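These are the residues of each chain, in order.
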Amino acid sequence: MKRETEARNSINCSRPSSAAPMPSAEPRHNMGSLAMDFPLQILLAVEKQGAVSSYEFARALNEPHQKIVGAIKSLESLGEVVAVKQTTQKTWECTEEGSSLATNGSHEARLFNSLTSEGCPIADIKANFPNANIALGAAMKNKWVKKEGEKIVPVVSSINDEVQIHLQAIMSGSAENVPDKIKVDYKKRKLIKEVDLTVFEVTKGSEFTTSVSKQEAELTKEMIESGQWKSKSFKPFNFKAKGRLEQRSGHLHPLMQLRSEFRQIFLEMGFTEMPTNNFVESAFWNFDALFQPQQHPARDAHDTFYVAEPEKTISVPEDYLQRVKKTHSTGGYGSLGYQYEWSRDEAHKNLLRTHTTAVSARMLYKLAQEGFRPVKFFSIDRVFRNETLDATHLAEFHQIEGVVADYNLSVKHLMGVIKGFFEKIGITKLRFKPAYNPYTEPSMEIFSYHEGLKKWVEVGNSGMFRPEMLRPMGVPENVTVAAWGLSLERPAMIMYGINNIRELVGSRVKMELILDNPVCTIDKFKGQSQKAADGAPTVESLTKRQELILDRLSALQSKVASIAAKMGVTLVESAASINTQLTGGVKAGVVHDVVIYADPRRPPYSLRILANALSSNFSVCLRVHCHSSVKEVSEKLQQFWGSSGATERSQSQICLTLVWRQDGDTPTALMPSLSVSPLAPNQIRGEHNVGRYLARLAEVGAPTCRLYECLSNPIFTVQVDELLDQCHGKLTLGNNKEKAGFIRELNSRLGDREFLVNSDLTLADAVILSTLLQLRMLESAPSNVQKWSKGCLVLPYCKNLI
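The model shown is predicted, which means the values in this text are computed figures rather than measured ones.

A. The arrangement of the overall build of the protein chain in detail. Helix and strand counts for the protein chain stand at 30 helices and 20 strands. Looking at the protein chain as a whole, 42% of its 802 residues qualify as buried. Of the roughly 44000 Å² that the protein chain leaves accessible, carbon and sulfur atoms contribute 51%.

B. Layout of unusual backbone geometry. The residue after E309, namely P310, is reached through a cis peptide bond having omega -5°. Tracing the sequence through the fold places P310 in the loop between α13 (283–286) and α14 (318–329). With an omega of -5°, the peptide bond between E441 and P442 qualifies as cis. Inspection of the secondary structure assignment puts P442 in strand β13 (residues 440–450).

C. Summary view of the nonpolar core. I596, L614, L656, L694, I768, L772 and W788 are the most contacted members of the largest nonpolar core, which has 60 residues in total. If we skip the residues at most four places from it in the chain, L656 touches V594, I596, A611, L614, C621, L622, R623, W641 and L694. In this structure, M274, W342, Y365 and V479 belong to the second largest nonpolar core, which totals 33 residues.

D. Just helix α28 (residues 736–749), in detail. For α28, with 14 residues, the first-to-last C-alpha span of 20 Å sits near the 20 Å given by 1.5 Å per residue. Three or more residues of α28 are buried, namely K739, G741, F742, I743, L746 and N747. Taken together, the buried residues of α28 touch α27 (714–732), α29 (763–775) and α30 (783–793). Structurally, the start of α28 carries an N-cap: the backbone nitrogen of K737 is 3.2 Å from a side-chain oxygen of N735.

E. The arrangement of α30 in detail. Taken together, the buried positions of α30 are V785, W788, S789 and C792. The arc enclosing the buried residues of α30, seen along the axis, measures out at 100°, which places them on a common side. Among the exposed residues of α30, those pointing more than 90 degrees away from its buried face are S783, K787 and K790. In this structure, the buried side of α30 is in contact with α28 and α29.

F. The arrangement of the pairing of strand β5 (residues 151–154) in detail. Sheet topology places strand β3 (residues 120–121) next to β5; 2 bridges connect them, and they run antiparallel. Residue pairing in the sheet places P121 in a bridge with K151 of β5. Between the end of strand β4 (residues 145–148) and the start of β5, which pair antiparallel, lie 2 residues, with G149 showing a positive phi angle near 65°.

G. Here's a closer look at the side chain of T313. Position of T313 relative to the elements: it lies in the loop between α13 and α14. On the accessibility criterion, T313 (12% relative accessible area) is buried. A polar atom in the side chain of T313 sits 3.3 Å from the side chain of S315. Beyond its immediate chain neighbours, meaning those up to four positions away, T313 contacts S282, H348 and N350.

H. Region of interest: a nonpolar patch on the surface. Side chains of L219, I224 and W229 sit close together on the surface and give an oily, nonpolar patch of about 310 Å² of accessible area. Counting through the fold element by element, L219 comes out in the loop between β6 (192–204) and α11 (221–226).

I. Quick look at the sheet that holds β4. With antiparallel pairing, the 3 strands of this open sheet are ordered in space as β3-β5-β4. Two strands bound the open sheet, and with one partner strand each, they are β3 and β4. Pairing between β4 and β5: 4 bridges, direction antiparallel. Considered in β5, the bridge of K146 is made with V153.

J. Main features of the packing of α29 against α30. Taken N-terminus to C-terminus, the directions of α29 and α30 make an angle of 115°; their axes are 11 Å apart at the nearest point. Taken together, the axes of α29 and α30 lie roughly perpendicular to each other. Crossing of α29 against α30: the hand is left-handed. In this structure, α29 uses D765, I768, L769 and L772 to contact α30, whose residues at the interface are V785, W788, S789, C792 and L793.

K. Fine view of the packing of aromatic side chains. Per the counting criterion, the structure on display carries 22 aromatic pairs. Pairing Y320 with Y365 gives two aromatic rings, centres 4.6 Å apart and planes at 20°, and the pair type is stacked. Highlighted residues: Y320 in helix α14 and Y365 in helix α16 (residues 357–370), separated in sequence by 45 residues. Judged by relative accessible area, Y320 falls into the buried class, the value being 0%. The exposure class of Y365 is buried, given its relative accessible area of 13%.

L. View of the sheet that holds strand β2 (residues 82–94). Pairing is antiparallel across the open sheet formed by 3 strands, whose spatial order is β1-β6-β2. Each having just a single partner strand, β1 (51–53) and β2 make up the two edges of the open sheet. With direction set aside, neighbouring strand axes in the sheet form an average angle of 20°. Alignment of β1 against β6, held across 3 bridges, turns out to be antiparallel. Within β6, the residue paired with V52 across the bridge is V202.

M. Region of interest: the environment of A289. Looking at the secondary structure, you find A289 in the loop between α13 and α14. Note: C-alpha distance between A289 and P472 (183 residues apart in sequence) is 8.6 Å. Those residues in contact with A289 that sit more than four places away from it in its chain are F284, Y320, V324, A361, M469 and M473.

N. Structural context of the pattern of salt bridges. Counting across every chain of the model gives 21 salt bridges. Close ionic contact of K424 with E268 constitutes a salt bridge, the shortest N to O distance being 3.4 Å. Taken together, the residues K424 in helix α17 (residues 411–424) and E268 in helix α12 (residues 254–268) connect sequence positions 156 residues apart. As a salt-bridge pair, E318 and R344 come within 2.9 Å of each other at their nearest N and O atoms. Here E318 is found in helix α14, whereas its partner R344 is found in helix α15 (residues 344–347), with 26 residues between them in sequence. On the basis of relative accessible area, E318 is assigned to the partly exposed category, the value being 39%.

O. How the structure looks around the side chain of S462. Considering the arrangement of structural elements, one finds S462 in strand β14 (residues 455–465). Ignoring anything within four residues of it in the chain, the contact list for S462 reads L414, I418, N437, T440, S443, M444, I446, A483 and W484.

Cut-offs applied
Residues numbered from 1 in each chain as written. Predicted model: local features only at pLDDT ≥ 70, side-chain atom pairs only at ≥ 80, totals over all residues. Heavy atoms only, no water. Helix = DSSP H or I, 4+ residues; strand = E, 2+ residues; numbered from the N terminus. Buried < 20%, exposed > 50% of the residue type's maximum accessible area, 1.4 Å probe, protein only. Areas by Shrake-Rupley, 256 points an atom, 1.4 Å probe, with all protein chains shown as cover. Core = buried A, V, L, I, M, F, W, Y, C linked by side-chain atoms within 4.5 Å. Contact = heavy atoms within 4.5 Å. Expected span 1.5 Å × (residues − 1). Polar contact = N/O pair within 3.5 Å; in protein donor to acceptor, adjacent residues only side chain to side chain. Arc of directions from axis to C-beta. Pairing = 2+ DSSP bridges. Patch = residues over 30% accessible without salt bridge, like charges linked within 9 Å, V, L, I, M, F, W, Y side chains within 5 Å. Salt bridge = Lys/Arg side-chain N within 4 Å of Asp/Glu carboxyl O. Axes fitted to C-alpha atoms, helices over the stretch in contact; angles between N-to-C directions. Parallel < 35°, antiparallel > 145°, perpendicular 65-115°, else oblique. Left-handed = near helix turned anticlockwise from the far one by under 90°. Phe/Tyr/Trp six-rings, centres within 6.5 Å; stacked < 30°, edge-to-face > 60°.

So this is what it looks like as structure tokens:
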């Protein structure tokens, strides 16, 4: 066998090459040399032999097996020309390392070829030769080399590398020529692996022939016109073929699905959601403000995660801190306190909040400073505790908390609110057990009867906040606060049938849990319906449920009719008739309400232009409100309408109310929407459509206002519509490439024009200008677009737009 020059140079111990050359595998006869395609070759072989194995046929042709399988599949699609039987057989193939040895030779052979007659130091071999230990062991076992002192010297003049020969045979598909004992040894060395190979056996079909023509896949216009279809053979339709794979989209985690259900229940009960975006809290708000002593075991590092950097807070109200310190140290408000030396340093430590009650404390303090009013708060968010991880405990989990603050509340009120809440989630059998909490008195644990376990289980905790917690905040003495809480994970585990919490939250969560589980909804009628013996709802119970829903709809309809009567609006049957009523003319003495919801991150500046147009023809009341989903709005957006519009609603013909609201971060959620309050069942979405509605309303009152449908030429209206739709599709919803392309089209269109359509400002100018301002694309826009925008902004309708 030839010694390898590359390996020989690597350890620098060369000797003259005298080894016998490595015998090469005998080349197979290549049937592929015939100028014919694979399907025809298979048919000829079947005609001659009666049956053909795809694997043996591929070996005979020295072609990849998968290529032969493809040819068999094409023959199978011809109908009954051939019969195909699928089988599975075991075969061997080389691993990546085995393939390398089959090409370059075994480790021991390469070591032998690198040695000189004088040998080579063992240290040099181990330092420079890859896999030196394996090569030395195998070469000495084969008695090719021996150890003399600190050297390895060759014993024979030539070798036969059987490892390479065997691996080459396996690579070429002749694994049967390799003894089974050797294959087992190579498998242990991870040079080869056993695989299952799908093999197809082809035999003659009922319509067997070697003269097959290509079948057409589709009927074309040319075939019909020329009549060629009459002589063509067509592939049959495969009605069982799978269509396009289902497009996977995002899915809500089961925990988030259940969180949405609980959130909706709180909102239905009239609660307001508290901001819970502070995962890091100070010990003051997390413990001290709740009248929890600084020696309490829960404040130990074994139960709480303390933050190393920044270690302490600097933002505690000093006057409130002093009142809390006094309550802890010497008492007050009818309490003796804990009678210990309270530490400011301990209170200033930062930590990961252990409960959302810290958020409740902040909200109650803020409420007391602003002037108390009865409130109902709730929160659902993550908290952290230094727990030992097991099947039911994690170091972080979600806490659900409800807080009700009002004058002269009692424990009866607390129990009534809790009962109403748990009925909403389908739990009707409740018991209360006295308990102890540092910051509530009295305190109660909440138990529910579990039908599956046949026993009472704890589902939550509750109590009335102590005066020592409330009075230092400044909450009036006749005000009491009821609170209760539970975890989110435990109900989710029960509803989804999960026994280990780590399969619900964390790295062990399987994607199938998120993708395949149905949406988990809470049965708010549970406990109200009767069931048959097999557990299915009875006809009577379903009838009662239907009647209950109809009663609620009837009550809602009466309420809407009452509101409409007070506003002087006549109820009509459909959204179309509502729009006709409002746009068909503004009636004297009737205020027409239009409510527009918009995201403060994308202010719809075109509405300012349309509001100015309306104000020039009608008495308009313009108002701005801020939804609770928006944390902060700038002074400029609070004064969005400017000084235009009537100040009193009672003196106005039209009342435009802009509500700043955030529904999400998607392009659709950022779009403004309009509703005709309170009757419209559907909202008008998108700035381009909101603009169309208001422009029609302005033109109804004053035909001289020519922004949209009252343009001098109907063709102009069509052009405005086309530009509005392009703006929405490419600029608002499009990707960066589509946005850039639309701006280039605008620049080309404005080459010799002052405005986009006609010779004056239209709705298209207003909406496109507004969208460019929202996306902050004017500064980098081409020259014609910038010149056009400056011309628009000096017009009366666009005055003080930005």
